[in-house]
Amino acid sequence: MQLLKNDSLRKTKLYQWVAKFYQKLLRKVLLFVLAFIFTAIWELNFIPVVLSKADAGDIHNPIEIYKNHLNPQDLLEEAKKLYDKEKYVEAISVLKQAAVIFQTQNNSIKHSIALSNIASAYKQLAEYDMALKYISQSREILKIKSIDENNAEKLKIFAQILDIQANLQLILGKPTSAVENWKQAAAIYQQQNLQQEKIRSLINQTIALQADGRYQLALKILTDLLANLHQQPASILKVTALRSFGDAQLYLGEIDASLKTLQQSYDIALKIKSAPQIAETLLSLGNALFAKANQSRSPLQNTTLFNKTAPLVYVGKQISSESRKLYQQAVNIYEQTIAASTSPIIQAKAQLNVISLLIELKEFQRAGELAFQLQSNINQLPVSETSVKAKIKLGENLFLLKQASAGNAPAWENIAKILATAIKQAEALENTRLQAYGIGTLGSIYLQTNHLADAQQLTQKAVDLALKIEAKDIAYLWQWQLGYIHKLQENIPQAIENYSQAVNNLNNLRGDLLVLKPDIQFSFRDNVEPVYRQLVDLLLQPSKSQITQVKSDNSVNANIINNNINKARDVIEALQLREIENYFQEVCLQAKPEIVDTVVDKKDTTAAVIYPIILQNRLEIILKLPLQNKLNHYTTFVKAEVLENTIEKLQNSLRQPEQRNKVKELSAQLYKWTIQPLEADLQAKNIQTLVFVLDGNLRNIPMAVLYDNQTQETEAKYLIEKYAITLTPGLQMLEPKPLENTELNILMAGVSEKRLIGNREFNPLQNILVELKTIQSQIPRSKKLLNQSFTEKNLEKQINSAKYTVVHIATHGNFSSNLEETYILTWNKLLKVKDFDKLFQVNTNVDARTIELLVLSACETASGDKKASLGLSGIAVRAGARSTLATLWAVEDESTALLMSQFYQQLQQNKLNKAKALQQAQINLLKNDELPLTWAPYVLIGNWL
């Protein structure tokens, strides 16, 4: 199959000019995003001139009349009329005449104004290079070196020129320069007490900051600005400020807050009846709804995730009824945008997002029809960064549509031509980021059509361009694609190198990764996690070259394999950290990779760390044993689909008392896959504690319930009967330390009565009264906040004023992959996990100590949420406590009180560490009632010592 019509691909013009790209001089430009989220730029398109008497006298000098027989002020007024009628070519001609006259008169201010208005007219014609040329000349003529100059009129004109120049710079993909110009303009307006102009420049500055990826700074400026605008009447300024604020909130992952802010902007736009503002705000609202739908979308199954082999591979996603409803709402909002707007750019952006949504909704025919209509409209847009982005986005949408439903998309050749045009225009704009993304996308087409050599060459060029301007966010995508190409070519060492480069770039991005993709279709699950997993997959399977080395040099092969196992463990640790950061949409931890091995080598030599890793066709297990440099590695050949189905069945059966035998059957199978291969090594080292860094759905079941029915010498046992067990999201996140003082000082809190919070009803939990009373009688040094006294304010006050080692909370709680749905119930509100750090780390008491243990005894994981355990890990990390003891499901009987009593007794009186104290408490409960429903849901996360 040929991508283009010519038999020889290398003879095509497309290939020839693509091959020349690397020779061009590269400049670092706009932080590229594929979301087409529009924000209005406020500018003075035409600078008016008010003439003084002296000016009038100058105009009528003999030289001017002799040369032009025209009053230049009349020329400016005539040009203004032509400009307002959108006769920009004629306006430019008249303005040039006026400029010549002012230059002859040595009237620098009027000369500068004429040139700046010429620039504005060229901008309207989309002749941006000419516009930039004239605005630069205009600025140079004024020769402003400091805003402290005494000439107020000259400074004001200079600020207006800065506005126009900054606007052009943003259009041409130079947001950093635009920010500086708008910052200087705002300072001048502030000096001259021109508040409306200052506000306009500040709003524009925040838009440029967002284009430059500096969302936090934009948000700060807008927060201060909105405080001043709040009391002012409805205006376009207010609409724009609120919209910009809402966009920044969206980029930072604050989706619900963004929707609320954008609705306020939209209401004001309706009130002042501004059609352009209505359309622009509708577009932003559509983007926020799109993001909300993606947030509520069911995460990809691992079995589906493995099909995401490269950045632009189409993977059909499961869509919940809630997500489908939100997707359709977003479509409706975008359609309203299209109807309300007269701007071809706004319409194109909305249409492109509709196509993306229709592909998500699998309405492929409708998507194809809209894409066909849109193509001619986009081709008519003037060449600019926006239009190039639109072409690349259209090409990307068509690429995905072609994979999903070939009959509803154009031929590969036509999609390639759209991208080729975009790349050529990006080259003309000297926009290296756009070139890099466009060429990489074009490489994806060659990869999809199995032209591997050409795909490799294009993808490598995309990587080179991205790295040249240090665009790691672009580079990692194409390094990922390049790794997959080498994998297909069976060049495994080179594939590992490419995947490793991609992972290194992702690790280096960290905080930037959370905001550099305001693309509303960006997903950690789709675009980040697969890179890590595919690298681990390659690292833990020997290549042909490694197999050959076995025959010739066993030591060399052993070193390669050992290095690969070590690297695979590091990659999994890094992935765990990225997941937590993505969950909170911020860098909330300082990773300490240096402590990973020292934990079991020095602090607890009876503990072993187990990393089960779910891959497409096998389960890989890495084992870290104490005082042993070499990591152990085991492979169980079970397909991910079979493994995950078994886990899901066990998860459901655990909550059904009548399915006790089914629980044993399923947990015995999991024991065989996960523990049996390494048990001999555990016994040889006299291991007493298992520290699990769990993967995938394994996080949603308690490891304590795994069942060994293969024992010949003794009776069958649950895993908890053989080992103390703890979980950690990664050893580099939480540094285990033993209790500094085994004399416990406990703050207890709980809600036992029925509560109604908003539209949510929470049933009474009467057994909580027994639980807290039992603990209080056992540990005299305790304080209790029950029902009405359990408020966030009271909890914060207690934590901030006393030296508690344990905070024990018995109330309704929910762990979810949705940050907004992870909470605990206080008397009068839902305390969200994102506020935990503020609450548990506010202690300013000079004698205060870190909270050793946070206990959440009546919480549960969200039903049907395959990534719900992220909420549990998130609470453990966010609270800042060294350990968290929680339940995977609520146990509504007195067994919780019994277990907690036993746990605290073992901890305080028998001086056991937390993992062993929990083990003994669970075993004691198990002896009285073997039903896993009552003793199995308790999990310890973090520090087990």
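Residues numbered from 1 in each chain as written. Predicted model: local features only at pLDDT ≥ 70, side-chain atom pairs only at ≥ 80, totals over all residues. Heavy atoms only, no water.

### Section: the overall build of the protein chain
1) Next: Along its length, the protein chain carries 39 helices and 19 strands.
2) Next: For the protein chain, buried positions account for 60% of its 945 residues.
3) Next: Within the protein chain, residue pairs in contact and separated by at least 24 positions form 73% of the contacts whose partners lie at least 6 positions apart.
4) Next: Accessible surface computed for the protein chain: about 37,400 Å², of which carbon and sulfur atoms make up 47%. (Helix = DSSP H or I, 4+ residues; strand = E, 2+ residues; numbered from the N terminus. Buried < 20%, exposed > 50% of the residue type's maximum accessible area, 1.4 Å probe, protein only. Contact = heavy atoms within 4.5 Å. Areas by Shrake-Rupley, 256 points an atom, 1.4 Å probe, with all protein chains shown as cover.)

### Here's the deal with the side chain of Ser-384
1) Next: Its location among the elements puts Ser-384 in the loop between α18 (364-379) and α19 (385-404).
2) Next: You can call Ser-384 buried: its relative accessible area is 5%.
3) Next: Ser-384 has contacts with Tyr-128, Ile-171 and Leu-429, leaving out every residue within four places of it along the chain.

### With respect to unusual backbone geometry
1) Next: The phi torsion at Asn-193 lies on the positive side, around 60°, for a residue other than glycine.
2) Next: Within the secondary structure layout, Asn-193 lies in the loop between α9 (175-191) and α10 (195-211).
3) Next: Backbone geometry at Lys-273 places phi at a positive 55°, although glycine is not the residue there.
4) Next: Note that Lys-273 resides in the loop between α13 (255-272) and α14 (275-296).

### What to know about the environment of Asn-408
1) Next: As for its position among the elements, Asn-408 is in the loop between α19 and α20 (412-428).
2) Next: Once the C-alpha coordinates of Asn-408 and Ala-371 are considered, the two residues, 37 residues apart in sequence, prove to be 9.7 Å apart.
3) Next: Not counting the four nearest positions on each side in its chain, Asn-408 is found in contact with Phe-364, Gln-365, Gly-368 and Leu-401.
4) Next: Within the local environment of Asn-408, its side chain forms a polar contact with the side chain of Ser-405, the two groups lying 2.7 Å apart. (Polar contact = N/O pair within 3.5 Å; in protein donor to acceptor, adjacent residues only side chain to side chain.)

### Considering the packing of α10 against helix α12 (residues 236-251)
1) Next: At a closest axis distance of 10 Å, the pairing of α10 and α12 adopts a crossing angle of 20°. Considering the angle they form, α10 stands roughly parallel to α12. Considering how the two elements wind past one another, α10 and α12 form a crossing that is left-handed. Contacts from Gln-196, Ile-199, Arg-200, Ile-203, Thr-206, Ile-207 and Gln-210 of α10 reach α12 at Leu-237, Thr-240, Ala-241, Ser-244, Asp-247, Ala-248 and Tyr-251.
2) Next: Grouping the amino acids of the contact of α10 with α12 by side-chain chemistry returns seven nonpolar, five polar and two charged. (Axes fitted to C-alpha atoms, helices over the stretch in contact; angles between N-to-C directions. Parallel < 35°, antiparallel > 145°, perpendicular 65-115°, else oblique. Left-handed = near helix turned anticlockwise from the far one by under 90°. Nonpolar A, V, L, I, M, F, W, Y, C, P; charged D, E, K, R; others polar.)

### Some remarks on the sheet that holds strand β15 (residues 830-832)
1) Next: Read from one edge to the other, the open sheet built from four strands follows the order β15-β14-β13-β17, with strand pairing classed as mixed. Two strands in the sheet have a free side with no partner beyond their single neighbour: β15 and β17 (859-861). Strand-to-strand twist in this sheet, taken as the mean axis angle between neighbours without regard to direction, amounts to 20°.
2) Next: In this sheet, strand β14 (residues 823-825) lies alongside strand β13 (residues 813-815) in antiparallel orientation, the contact comprising two bridges. Residue Gly-813 lies in a different strand from β14, and its bridge partner there is Ile-824. (Pairing = 2+ DSSP bridges.)

### Focus: the pattern of salt bridges
1) Next: Tallying each qualifying case throughout the model produces 28 salt bridges.
2) Next: Arg-200 is the salt-bridge partner of Asp-163, the closest N and O atoms lying 2.6 Å from each other. Of the two residues, Asp-163 is situated in helix α8 (residues 152-171) and Arg-200 in helix α10; the sequence distance between them amounts to 37 residues.
3) Next: Relative accessible area serves as the criterion here: at 0%, Asp-163 is assigned to the buried category.
4) Next: Lys-183 is the partner of Glu-180 in a salt bridge, and the nearest nitrogen-oxygen pair spans 3.6 Å. Taken together, the residues span about one helical turn, with Glu-180 and Lys-183 both in helix α9 at a distance of three residues.
5) Next: Overall, Glu-180 belongs to the partly exposed group, its relative accessible area being 42%.
6) Next: Connected via shared salt-bridge partners are Glu-335, Glu-363 and Arg-366. (Salt bridge = Lys/Arg side-chain N within 4 Å of Asp/Glu carboxyl O.)

### A short note on the environment of Leu-731
1) Next: Note on placement: Leu-731 falls in the loop between β7 (724-727) and β8 (746-750).
2) Next: According to the relative accessible area criterion, Leu-731 is buried, its value standing at 1%.
3) Next: Once the C-alpha coordinates of Leu-731 and Val-599 are considered, the two residues, 132 residues apart in sequence, prove to be 7.9 Å apart.

### Quick look at the nonpolar core
1) Next: Phe-692, Ile-809, Phe-840, Leu-854 and Tyr-904 are the most contacted members of the largest nonpolar core, which totals 268 residues.
2) Next: It is helix α28 (residues 554-584) that provides the largest number of residues to this core, a total of ten residues.
3) Next: Ignoring anything within four residues of it in the chain, the contact list for Phe-692 reads Ile-610, Ile-675, Met-703, Leu-719, Ile-725, Thr-726, Leu-727 and Thr-728.
4) Next: Counting 44 residues, the second largest nonpolar core, distinct from the first, contains Val-94, Ile-113, Ile-161 and Ile-188. (Core = buried A, V, L, I, M, F, W, Y, C linked by side-chain atoms within 4.5 Å.)

### Brief notes about the environment of Leu-115
1) Next: Tracing the backbone through its elements, the reader meets Leu-115 in helix α6 (residues 108-124).
2) Next: For Leu-115, a relative accessible area of 5% translates into the label buried.
3) Next: Along the chain, Leu-115 and Ser-138 lie 23 residues apart, while their C-alpha atoms are 5.4 Å from each other.
4) Next: Each residue touching Leu-115, except ones within four places of it in the same chain, is listed here: Ala-99, Tyr-134, Gln-137, Ser-138 and Ile-141.

Geometry only, nothing functional implied.
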